[in-house]
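What follows is each chain in one-letter form.
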Amino acid sequence: TPLVTNDGLSLAEGGNAIITNTLLRINDFDSAHSDLVYTVATVPTNGVITLRQVQTGSNVAFIEVTLAQSDTFTQEDIDNGFLRYQHNGTETITDSFEFTAVDETSLTIPQTTFAFTIAPVNDAPRAHGPGAENALGFDGVDDYMEINWTDTSSVATAFPTEFTLQSWFYFN
């Protein structure tokens with residue numbers, strides 16, 4: 001019977017981190033780690049899992065490949081630090097992917113969830129006005145400006161999370 005470690009991963013909103021073998025590991029004492037194959041059953045909805053692969057040819061290089069449903073990786077990939085999760089920066093606090101695993105003797109780990117806990121980041125507010133994002137043009141006749149501000153992060157602050165500033169400008 002294999003020993004399974006599945007402790008999930010915590011990271012900041014918009015961050016990325018390696019899924020290490022202290023977080024996800026199958027120890028099957030009669031199989032090499034290169035023979036323990038994980039298959040992605042479902043992909044994360046708020047980020048991507050990437051696998052670093054060696055690209056050979058005239059020059060050896062590493063490339064990051066985004067994993068899709070049914071793609072595979074091995075325990076050896078995890079041991080080498082080649083499996084990574086990248087959060088997409090949205091205001092979400094959880095994500096996950098599901099996998100199955102097998103070895104060369106047909107030992108099967110049933111579909112299992114690996115969870116991500118996302119720590120919110122207090123994003124800088126974004127001001128926007130109708131027709132102009134970063135500059136306001138005045139023609140000197142009847143100029144109107146409206147600025148809407150919303151802080152969509154879930155981090156509590158002493159400031160309001162939403163306000164609107166409206167103003168007419170008249171020039172003589």
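What counts and how
Residues numbered from 1 in each chain as written. Predicted model: local features only at pLDDT ≥ 70, side-chain atom pairs only at ≥ 80, totals over all residues. Heavy atoms only, no water. Salt bridge = Lys/Arg side-chain N within 4 Å of Asp/Glu carboxyl O. Helix = DSSP H or I, 4+ residues; strand = E, 2+ residues; numbered from the N terminus. Core = buried A, V, L, I, M, F, W, Y, C linked by side-chain atoms within 4.5 Å. Buried < 20%, exposed > 50% of the residue type's maximum accessible area, 1.4 Å probe, protein only. Contact = heavy atoms within 4.5 Å. Phe/Tyr/Trp six-rings, centres within 6.5 Å; stacked < 30°, edge-to-face > 60°. Lys NZ or Arg CZ within 6 Å of the ring centre and 35° of its normal. pLDDT = per-residue confidence, 0-100. Pairing = 2+ DSSP bridges. Axes fitted to C-alpha atoms, helices over the stretch in contact; angles between N-to-C directions.

Quick look at the pattern of salt bridges now. With the rule as written, the count across this model stands at two salt bridges. Between R25 and D79 there is a salt bridge whose closest N-O contact spans 3.6 Å. Of this pair, R25 sits in strand β4 (residues 24–27) while D79 sits in helix α1 (residues 75–79), and the two are 54 residues apart along the sequence.

This brings us to the nonpolar core. Within the largest apolar cluster, 25 residues are counted, with the highest numbers of intra-cluster contacts made by L9, I19, F73, F97, F114 and F116. Looking at this core, the elements that each hand over two or more residues are β2 (9–12), β4, β5 (37–42), β6 (47–55), β9 (83–87), β10 (94–102) and β11 (108–119). No other element matches the four residues that β11 contributes to this core. Residues contacting F73, with those up to four places away along its chain left out, are L36, V37, Y38, V40, L51, L67, I78, L83 and F97.

Another aspect to go through is the packing of aromatic side chains. This model, assessed by the stated rule, comprises nine aromatic pairs. Between F97 and F99 the ring centres are 6.0 Å apart and the planes differ by 45°, which places this aromatic pair in the tilted class. Accessibility classification places F97 together with F99 in one group, the buried group. Here the aromatic rings of F97 and F114 are separated by 5.7 Å at their centres, their planes lie at 45°, and the arrangement is tilted. Here F97, found in strand β10, pairs with F114, found in strand β11; they are 17 residues apart in sequence, far enough to count as distant. Note on F114: relative accessible area 0%, which makes it buried. Connected via pairs of aromatic rings, a cluster forms that spans Y38, F73, Y85, F97, F99, F114 and F116. Across the ring face of F62, the terminal group of R52 is positioned such that the distance to the ring centre comes to 5.1 Å.

Below, the discussion takes up the confidence of the model for the protein. Overall, the prediction assigns the protein a mean pLDDT of 82, with 71% of residues at 70 or greater. Long-range and interchain partners of residues 131–135, a stretch whose pLDDT sits below 50, account for two contacts in this model, where long-range means more than four residues apart.

Despite not being glycine, S70 has its phi angle at roughly 80°, a positive value. Mapped onto the fold, S70 is located in the loop between β7 (61–66) and β8 (72–74).

On to the sheet that holds β8. Taken in spatial order, the five strands of this open sheet run β2-β11-β10-β5-β8, and their pairing is mixed. The sheet is open, and its two edges are formed by β2 and β8, each paired on a single side. Each adjacent strand pair in this sheet contributes to an overall mean axis angle of 35°, direction not counted. Note that β5 and β8 share three bridges and pair antiparallel.

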